[in-house]
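# Residue-level structure breakdown
Here's the letter readout for the chains.
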Amino acid sequence: NKIESDIHKIIERKKPKVEKTVSKLDQKQDSQQEKIYSASDGHNVKSLGEKIIDDLLYNNRIVHAYSPTVSEIDITEEQSVEADWFIPIISSAKGIYIEYWGMTTKSYLDNKKRKLEQYKKHKIPVIEIQKDEPFEDSDILRVRIMRELKSLSKEHYKHDWTV
């Protein structure tokens, strides 16, 4: 449902629109003291790095969901995992997750470790992007993400992924 909702939002955003301003409420910092950024497709993301990645996905017409719960992890036996992005490959339930590791606090690193253990345990494909990667050259990041999406979709789903 989240992917379908995101697709409808993308279609709406492709239509000509009048310039809108971001409300002061949307610009307030969240509970983790991070600024909220508005990506090109309307996703409200938590950092400039996330905005760059979300815009890259949107501008390259890669269907994606922002901040989804990882459905492959049964929350009755595990703590739920919320990814940064989900890219559907075969259906709305099968795809590749993207994680942007943008902080270095102890609690953040503990959560990162927990999430990576869950991805590995459940054999869930994930692309990891570190905050110190060269974001100033978005072509390098774009090529890397495209290459990894193609490789992981073939490896995990025997599917030749293309945009």
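Below: a short report on this structure. Source: prediction; values computed, not measured.

## A few points about the packing of aromatic side chains
Under the definition given, this model contains 4 aromatic pairs. Ring-pair connections join several aromatic residues into one group, and the members of that group are F86, Y97 and Y119.

## Re the pairing of strand β5 (residues 94-101)
Taken residue by residue, a regular strand's side chains alternate between the two faces of the sheet. Counting buried residues in β5 gives 7 out of 8 residues, a clear majority hidden from the surface. Where strand β4 (residues 85-91) meets β5, 5 bridges bridge the pair, whose relative direction is antiparallel. When the bridges of β5 are listed, F86 appears paired with Y97. The sheet contact formed by β5 and strand β6 (residues 126-130) spans 5 bridges and is parallel. Across the sheet, the residue bridging to Y100 is I129, located in β6.

Cut-offs applied
Residues numbered from 1 in each chain as written. Predicted model: local features only at pLDDT ≥ 70, side-chain atom pairs only at ≥ 80, totals over all residues. Heavy atoms only, no water. Phe/Tyr/Trp six-rings, centres within 6.5 Å; stacked < 30°, edge-to-face > 60°. Buried < 20%, exposed > 50% of the residue type's maximum accessible area, 1.4 Å probe, protein only. Helix = DSSP H or I, 4+ residues; strand = E, 2+ residues; numbered from the N terminus. Pairing = 2+ DSSP bridges.

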